[in-house]
Structures are given as C-alpha cells and as structure tokens.
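Chain by chain, the residues run as shown.
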Amino acid sequence: MKIANVLLFSFCVGVLFSCKEEGKPSLSIGSISIEVTPFGHFGNQIINEYILTNQNGVQVGVINYGGAISRLIVPDKDGNLEDIVTGFTSLDGFLQTNNPYFGALIGRYANRIGNASFSLNGREYRLESNDNANSLHGGRKGFDKVYWDVTIPVGDSSLLLTYTSPDGEEGYPGNLQVEVMYTLTASNALKIKYKAMSDQSTPINLTSHAYFNLSAWKENNILSHELTINSRFYTPVNQYLIPTGEILPVDGTPMDFRQSKSIGKEISQVEGGFDHNWVLDKEIGELVWAAILYEKGSGRQMEVWTDAPGIQFYSGNFLDGTLNYTKNNLTYHKHSALCLETQHFPDSPNHPEFPSTLLHPGQEYRHTCIYKFSTR
Ligand code: BGC
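Procedures and definitions
- Residues numbered from 1 in each chain as written.
- Predicted model: local features only at pLDDT ≥ 70, side-chain atom pairs only at ≥ 80, totals over all residues.
- Heavy atoms only, no water.
- Helix = DSSP H or I, 4+ residues; strand = E, 2+ residues; numbered from the N terminus.
- Rg over C-alpha atoms; globule rule 2.2 N^0.38 Å.
- Buried < 20%, exposed > 50% of the residue type's maximum accessible area, 1.4 Å probe, protein only.
- Contact = heavy atoms within 4.5 Å.
- Areas by Shrake-Rupley, 256 points an atom, 1.4 Å probe, with all protein chains shown as cover.
- Lys, Arg positive; Asp, Glu negative; His and termini not counted.
- Charge placed at Lys NZ, Arg CZ, Asp CG, Glu CD.
- Near = heavy atom within 4 Å.
- Polar contact = N/O pair within 3.5 Å; in protein donor to acceptor, adjacent residues only side chain to side chain.
- Nonpolar A, V, L, I, M, F, W, Y, C, P; charged D, E, K, R; others polar.
- Core = buried A, V, L, I, M, F, W, Y, C linked by side-chain atoms within 4.5 Å.
- Phe/Tyr/Trp six-rings, centres within 6.5 Å; stacked < 30°, edge-to-face > 60°.
- Lys NZ or Arg CZ within 6 Å of the ring centre and 35° of its normal.
- Pairing = 2+ DSSP bridges.
- Salt bridge = Lys/Arg side-chain N within 4 Å of Asp/Glu carboxyl O.

Engineer: So what's going on with the overall build of the protein? Residues and values would help.
Structural biologist: When its secondary structure is counted, the protein shows 2 helices and 29 strands. In terms of overall size, the protein behaves like a compact globule, its C-alpha atoms giving a radius of gyration of 20 Å where 376 residues would be expected to give roughly 21 Å. When each of the 376 residues of the protein is scored for burial, the buried share is 59%. When contacts within the protein are restricted to residue pairs at least 6 apart in sequence, long-range pairs at least 24 apart make up 64% of them. Accessible surface for the protein amounts to roughly 15,400 Å². Of this, 49% is attributable to carbon and sulfur atoms. Averaging the coordinates of the 28 positive side-chain charges in the protein and doing the same for the 39 negative ones gives two points 3 Å apart.

In structure tokens form, the structure reads like this:
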C-alpha cells in the first residue's frame, strides 16, 4: 500500500493506523480491529480488502469492487476458525465474466424484472436484459460491478460503502445515492444496513449475494445443511424464474421449511433446485428472524434476520465448476454453496399486488440484514 493511500485512508477514518506489519495498516476501535490489504486494480482504481476482526477471531473481509464480502471466518464447535463464503484469491477472480455475483452488493434491483421493463407514471422504462429477455441483479453492469468508496465512520467499528448511480444507469430513473454499512459485532454477527435516496421515483431492491457453506467445504455441497424459514407462503415462478404473481401456501409442498429439514430432503421435487422467494411471516418493516441454517458436522449455525418482506433461498443451482482463482483451489459445482438473500419480492415493479419497491424523492430506502453465527 502506498503511503499516500495510508494517509488518505487515515484521514477518512479520523484515526491513525498503527502498522502491525509493514505495508499493512491496521487500527483497533473498541474490540474490533480493521486491516487494509491491497487486492488488485480495477481500471485506475486501487481495490483493497478491508478486514474487520472481533475479539473472538471472527473476520469479515469486504472489497471495494462490487462491495463484495470476500471472506467470512467463523469458529466451528471446536473453535476452528474457517472461511464459510465462496470467493477468490485476488481481484482477477471477481472480474471473471462468469463470476456468479460472489459476495457482491446487488442493485439497483436484486433478482429479476420480467421483460426487462416496467411502467412508472405512465412511462415505460426499458432496462438492460441479461437473463433471457429479463433483467437480473441490476442488469449488465449492476452494483456488483462498480467501484464503491469505503470509509470507516469516526469512532465506529463499521465499513461504510457509498455509490452514486447516475440517472439512466442500466435504464433506471433518477440519481440514486446508496450507502451500505457493514458492521461486525462482538457477538459474531455481521449487520448489513442499506440506505438510499433518489431525485426521481425509481424501483429499488438491494441485497447481498454472499454464498455460504457452513462446513467450510469439508462437504462440497450444502444438501445436508438443515434449514428453517420463517414463512408460510412463497411466490411461485415460471420457467424463467419470474413470479407468476400468485402467493401460495408452503403447506404440503417441498417449499415448507417451517420445521427444520435438510435441503437435500425434497430438492429433487423442485425443478432446477430451490431458487424462490419466501414471504416472511411478519408485519411490514418489522425486524424478525427469517431463516436458520445449521450444519451438523461443524456445529455452525447461521441466523438470518431482516426487516425486508422476503428472502430468496437459492441452492447454488447454476454453479458449474468453471471458475478460476477460487480460494483453496476449490471447485464450486452445483449446490457447493447457497444464498439467503433478504429482499423485496422479485419483479415487484410489474406486480402491483406485491409490496411496493418504489422510492420517491424525499423518501429514504432502508433495509437491514443480519447474519448471526453461533455453534451447537
Ligand atoms: C438468483 C438466481 C441466479 C443467481 C445468480 C440468485 O439470486 O435467485 O436465479 O441464478 O442469483 O448467481
């Protein structure tokens, strides 16, 4: 890391770094330490990995390309600290065209918008289509493929990421100012808080695309992970994974995760595997537990909490073993990892019956997601 960078970064955080190792600035705020390591170049931008570590040795790494979570190291039941998210050893991995959004921040609209279009105030907006005729995860160049500014708010043990999406980007209206705060707590939780404001009405749906395997790839598939989802209803989809508009009970279907069950138990009855949105059992805006994931071998458990109306459970169906630069040279194949993405329902801009995703000027979009780790 160049001295100029260190100084600039120190200035941003308002505190001075102590150099633990030469070239690796680090600081401690409360019980959390923060280290910054060079991770590559994106055009003429320097990409760093910002690593938060708590007093239990739990680590969260975030890079400013795509605002992606690059590492998440948590203990197993015997105290072994291991990385439980997919990722790459360098930026080259994240830049691969077939990178399936590993760890990235997703926007302006997470998941799909059917026919890559929506109407708003009597006008039709055409988006970039990148998934058949539909728009997936913000289009060709979503928030996962942009440079995010990273700062550490004074006196805080968080990373604050900001990005301004210009009016018309990927077809969306309005200049949108986005803030994402990653916080690692002393009780082994990663909190992600999203905020956004726009100068024109726009649909918005932000999420994190972290892929988890709680065994840390001792098992290279997640089928024996046990999952509970706090939901009585889900939104069925057509063959292109666009919601039909129905909201159906999970009762008597493989979508019923109200009682913990292994992901593999009924996956063969779901064409292509799980890749659906569950309607969370709660009031609008209420923060509740949305899902609990448990892996017996390691004893690791992850609770997912959110105030968003839905959660996408994606069982890694399209992972195909073709990625390079993977951590530990792992081959990520079908079901090697899974995502639990807190969100609004897919294609809401075309479904007035779904909770609205419109953000109007003068309003603030807010969304919280918490991944909390423990063992049993
Ligand atoms: C979607 C999948 C998609 C994947 C891309 C998930 O959020 O639900 O359908 O293939 O992202 O990696």
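Now that the structure has been shown, the text picks up again.
Engineer: How would you sum up the site of the ligand? Please name residues and give values.
Structural biologist: Taken together, 13 residues sit near the ligand, with Arg112, His137, His209, Asp275 and Glu341 positioned nearest. Within the backbone of Pro100, one N or O atom sits 3.4 Å away from an oxygen atom of the ligand. Taking Arg112, its side chain carries an N or O atom lying 2.9 Å from an oxygen atom of the ligand. Along the lines of polarity and charge, the residues of the shell around the ligand split into 6 nonpolar, 4 polar and 3 charged.

Engineer: Could you give an account of the nonpolar core, naming the residues involved and the relevant values?
Structural biologist: Within the largest apolar cluster, 64 residues are counted, with the highest numbers of intra-cluster contacts made by Leu159, Tyr182, Trp278, Phe313 and Leu340. For this core, the leading source of residues is strand E15 (residues 176–184), giving 5 residues. Sequence-distant contacts of Leu340, that is, excluding residues within four places in its chain, are made with Leu227, Ala291, Leu293, Met302, Val304, Ile311, Gln312, Phe313 and Tyr371. Tyr65, Ala68, Phe102 and Ala104 belong to the second largest nonpolar core, which has 23 residues in total.

Engineer: Go over the environment of Gly273 with me, naming the residues and quoting the values.
Structural biologist: Within the secondary structure layout, Gly273 lies in the loop between strand E22 (261–262) and strand E23 (275–280). Between the C-alpha atoms of Gly273 and His41, which are 232 residues apart in sequence, the distance is 36 Å. Apart from the residues lying within four places of it in its own chain, the contact partners of Gly273 are Ile267, Ser315 and Asn317.

Engineer: Explain the packing of aromatic side chains residue by residue, including any values.
Structural biologist: For the structure shown, the criterion picks out 22 aromatic pairs. Centre to centre, the rings of Phe118 and Tyr125 are 5.3 Å apart; their planes meet at 20 degrees, and the pair counts as stacked. Note on Tyr125: relative accessible area 11%, which makes it buried. Between Trp217 and Tyr332, the aromatic rings sit 5.6 Å apart at their centres with planes inclined by 65 degrees, giving edge-to-face as the arrangement. Pair noted here: Trp217 is in the loop between strand E18 (207–208) and strand E19 (226–229) and Tyr332 is in the loop between strand E26 (310–314) and strand E27 (339–343), with a separation of 115 residues, a long-range link. Tyr332 gets classed as buried once you look at its relative accessible area, which sits at 2%. Among the aromatic residues, those joined into a cluster by ring pairs are Phe39, Phe88, Phe94, Phe102, Tyr211, Trp217, Tyr314, Phe318 and Tyr332. Looking at Lys261, its charged tip hangs above the ring of Phe257, at a distance of 4.3 Å from the centre.

Engineer: I'd like a rundown of the pairing of E19, residues and numbers included.
Structural biologist: With 2 bridges connecting them, E19 and E22 associate as antiparallel partners. Paired with Glu226 across the strands is Ser262, a residue of E22. As paired strands, E19 and strand E24 (residues 288–295) are joined by 4 bridges and run antiparallel to one another. Following the sheet pairing, Ile229 is matched in E24 by Ala291.

Engineer: Mind laying out the sheet that holds E24, listing which residues take part and the relevant values?
Structural biologist: Taking strand neighbours across the sheet as the criterion, the 9 strands line up as E13-E14-E15-E16-E29-E25-E24-E19-E22 in an open arrangement whose pairing is antiparallel. Each end of this open sheet is capped by a strand with a single partner; those strands are strand E13 (149–151) and E22. Bridge count for strand E16 (residues 189–198) against strand E29 (residues 365–375) is 8 bridges, and the pairing is antiparallel. Within E29, the position partnered with Leu190 by the bridge is Tyr371.

Engineer: I'd like a description of unusual backbone geometry, backed by residues and values.
Structural biologist: Residue Gly107 is joined to Arg108 through a cis peptide bond whose omega torsion reads 0 degrees. Phi at His137 is positive, roughly 50 degrees, even though this residue is not glycine. Here Leu241, not a glycine, exhibits a phi torsion of approximately 65 degrees, which is positive.

Engineer: Would you mind going over the pattern of salt bridges in detail, with residue names and values included?
Structural biologist: As a working rule, side chains carrying opposite charge can pair if their charged atoms are close by. Counted under the stated rule, the structure contains 13 salt bridges. Linking Glu82 and Arg300 is a salt bridge whose minimum nitrogen-to-oxygen distance equals 2.8 Å. Here Arg300 lies in strand E25 (residues 300–306) and Glu82 lies in strand E7 (residues 81–83), a separation of 218 residues in the sequence. This pair shows no difference in class: Glu82 is buried, exactly as Arg300 is. Here Arg126 makes a salt bridge to Glu124, at a shortest N to O gap of 3.7 Å.

Engineer: Mind laying out the sheet that holds E27, listing which residues take part and the relevant values?
Structural biologist: In space, the 5 strands of this open sheet follow the order E21-E20-E23-E26-E27, with antiparallel pairing throughout. Both outer strands of the open sheet, strand E21 (248–249) and E27, are each paired with one neighbouring strand and no more. Pairing analysis gives 4 bridges linking strand E20 (residues 231–235) to E23, with the strands arranged antiparallel. If you follow Tyr234 over to E23, its bridge partner there is Trp278.

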